[in-house]
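# Summary of structural features
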Amino acid sequence: MTLVHTQLRLTVVALTVLVASTVRADTPVIEVTGADFRPFPVAVPDVTVQGAGGKAGGRSATELTAIVRDGVNIVRALELVSPSSYLAPKDEPWTAPVYDSWSNVGASGLVRAVVESKPPHVVAKMRFYDVVSQRELLSRIYVEKPANISRAAHKFLDELVELLTGQKGIFSSKLAYVQKTKQGKAIFVSDYDGRNARRITDPKVISLLPSWDTRGGSVLFTSYLKSNPDIYRYNIKSKKLEWLSNKRGLNTGAAVSPNGKRIALTLSIDGNTEIYVMDSKGDNLKRLTDNWGEDVSPTWSPDGTRIAFVSSRAGNPHIYVMAADGSQQKRHSFQGNYNQEPDWSPKAGGQIVFTARDERLKYDIFAVDPGSGSITRLTQDEGNNESPSYSPDGNQIVFTSTRAGGK
């Protein structure tokens, strides 16, 4: 996942999911289909402290509770049963629950957990129960330092989502975004929910437009580190920084192909911004667009055969799609007069989300179907919403927003 402009509030939206996968025969598979779909209600009571937990145990229990509840809330297939409705007796959290009590508050699933302080670590024991069939379906024990207790929640949520839907969860994925500093703009990476943020670029330099490589091991971005806007690649594990593209003029908008072998980017070698493609080492450059308008912001289709981009060749910026070799260039957005920042869903048959400015000069998130060309509005009447980016599973979108007091 990629996010820019962290001065705006981070927001995650759940999209409709179609799940056709099968897990174990004795596990309920949640299918999100049609207007009659109802999400699977899950109760998440407060995580309790076992033994002499101390302050570390108490803080970890509070954090685990919040993370798991937030996680259940953003999964389209699940629904958090309001904690205020929990009327169940306080049974021992590591013994079989009183299933009828949880059924009576509308829960079909139940997550219970305890933490125990064992300095310098915290042990988190987490379980999931199918309330309807009265069975335990998942049990895990995690040992983490208190500062890293969120990892336990993220790992558990990933396994829970895969267990119930057959799809991998997004909770161990990372965000890359831009944050203003006193002297510039720096790239930060964090957990999907904004926790554990760390800066990866010089705070005194302007760095912009971060994007992940296919495997999530590196971040590509544009930086003025050597005065010109060039493209760099930063390896998260080794902390190695590569100078990837330093052509004359603008080098920006790097997007790695699904197979990781090619990089689409925007260059202004001849003074006009055009879309190019190069290999993963920055070599074998090939130009894909060539017209008087500005062509920017490439994004790959999930199979790597097409590229969506923004072009002003019709007078205003609109969403276009072309084959990966530059042929078959076709306009896909015909509404509005300012469409930008496309991101193609990684799901087969997925849509292209983008930012558009409406007649009130407000920015909102829209999606266009690359097959039919039909457009759906995803945000409205909640401030300005921009810079959409799909989660790795294609089921959520992260974007910037001025809603709820954001700037």
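Report follows, based on the coordinates. It should be emphasised that the depicted structure is a prediction, and the values quoted were computed from it without experimental measurement. (Residues numbered from 1 in each chain as written. Predicted model: local features only at pLDDT ≥ 70, side-chain atom pairs only at ≥ 80, totals over all residues. Heavy atoms only, no water.)

## Quick look at the overall build of the protein chain
Regarding its fold elements, the protein chain presents 3 helices and 28 strands. Sequence separation of 24 or more characterises 42% of the internal contacts of the protein chain that already satisfy a separation of 6 or more. (Helix = DSSP H or I, 4+ residues; strand = E, 2+ residues; numbered from the N terminus. Contact = heavy atoms within 4.5 Å.)

## Considerations on the side chain of Q396
Turning to its location among the elements, Q396 is positioned in strand β28 (residues 396–401). Q396 gets classed as buried once you look at its relative accessible area, which sits at 4%. A polar contact of 3.2 Å, which involves the side chain of Q396, links it to the backbone oxygen of I74. (Buried < 20%, exposed > 50% of the residue type's maximum accessible area, 1.4 Å probe, protein only. Polar contact = N/O pair within 3.5 Å; in protein donor to acceptor, adjacent residues only side chain to side chain.)

## A look at unusual backbone geometry
For residues that are not glycine, phi is negative in most cases, and the peptide bond is trans in most cases. Cis geometry marks the peptide bond from P119 to P120, where omega comes out at 5°. Relative to the assigned elements, P120 resides in the loop between β5 (109–118) and β6 (121–130). With phi around 80°, S227 is a residue other than glycine that occupies positive phi space. Within the secondary structure, S227 is located in the loop between β12 (218–226) and β13 (228–235). The backbone phi angle of L361 is positive, close to 65°, even though this residue is not glycine. If you trace the backbone, L361 turns up in the loop between β24 (352–357) and β25 (363–368).

## Notes on the pairing of β12
Of the strand pairs in this sheet, strand β11 (residues 207–212) and β12 are connected by 4 bridges, and their pairing is antiparallel. Opposite W212, over in β12, you have V219 as the bridge partner. Between β11 and the antiparallel strand that follows it, β12, lie 5 residues; G216 among them carries a positive phi value of about 75°. Sheet topology places β12 next to β13; 7 bridges connect them, and they run antiparallel. Counterpart to K226 in the pairing with β13 is N228. In sequence, β12 turns back onto β13 through a hairpin of 1 residue, with S227 there showing a positive phi of about 80°. (Pairing = 2+ DSSP bridges.)

## Here's the deal with the pattern of salt bridges
Two side chains with opposite charge may pair up if their charged atoms get near one another. This structure, assessed with the given rule, holds 18 salt bridges. A salt bridge links E274 to R287, with the nearest nitrogen and oxygen atoms 3.3 Å apart. Of this pair, E274 sits in strand β17 (residues 274–279) while R287 sits in strand β18 (residues 286–287), and the two are 13 residues apart along the sequence. With its nearest N and O atoms 3.2 Å apart, the salt bridge here joins D358 to R360. Note on D358: relative accessible area 10%, which makes it buried. Each of the salt bridges in this network shares a partner with another, and the network as a whole consists of D358, R360, D364, R377 and D381. (Salt bridge = Lys/Arg side-chain N within 4 Å of Asp/Glu carboxyl O.)

## Considering the sheet that holds strand β14 (residues 241–245)
Strands sit in the order β11-β12-β13-β14 across an open sheet of 4 strands; the sheet is antiparallel. Each edge of the open sheet is held by one strand with a lone partner, namely β11 and β14. With direction set aside, neighbouring strand axes in the sheet form an average angle of 35°. (Axes fitted to C-alpha atoms, helices over the stretch in contact; angles between N-to-C directions.)

## So, the sheet that holds strand β8 (residues 174–180)
The strand order across the open sheet built from 3 strands is β8-β9-β10, with neighbouring strands paired in antiparallel fashion. A strand with exactly one partner marks an edge of an open sheet, and here the two such strands are β8 and β10 (198–199). By the bridge criterion, 2 bridges tie strand β9 (residues 185–191) to β10 in an arrangement that is antiparallel. Bridge pairing in β10 places V189 opposite R198.

## Focus: helix α3 (residues 149–165)
For α3, with 17 residues, the first-to-last C-alpha span of 25 Å sits near the 24 Å given by 1.5 Å per residue. Of all 17 residues that make up α3, 13 are buried, and the element is covered over most of its length. One or two residues past the end of α3 sits G166, with phi positive at roughly 85°. (Expected span 1.5 Å × (residues − 1).)

## Regarding the packing of aromatic side chains
Applying the stated rule across the entire model yields 9 aromatic pairs. Taken together, a centroid distance of 6.3 Å and an interplanar angle of 75° make the contact between Y99 and Y129 edge-to-face. Pair noted here: Y99 is in helix α2 (residues 99–104) and Y129 is in strand β6, with a separation of 30 residues, a long-range link. The residue whose ring lies beneath R313 is Y320, and the NZ or CZ to ring-centre distance is 4.9 Å. The ring centre of Y338 lies 4.4 Å from the NZ or CZ of R357, which sits over that ring. (Phe/Tyr/Trp six-rings, centres within 6.5 Å; stacked < 30°, edge-to-face > 60°. Lys NZ or Arg CZ within 6 Å of the ring centre and 35° of its normal.)

## As for the environment of R112
Mapped onto the fold, R112 is located in strand β5. A residue is classified by how much of its surface remains accessible, and R112, at 3% relative accessible area, is buried. Residues R112 and P97, spaced 15 residues apart in sequence, show a C-alpha to C-alpha distance of 9.0 Å. Side chain to side chain, R112 and Y129 meet in a polar contact 3.4 Å long.

Just distances and angles here, no functional claims.
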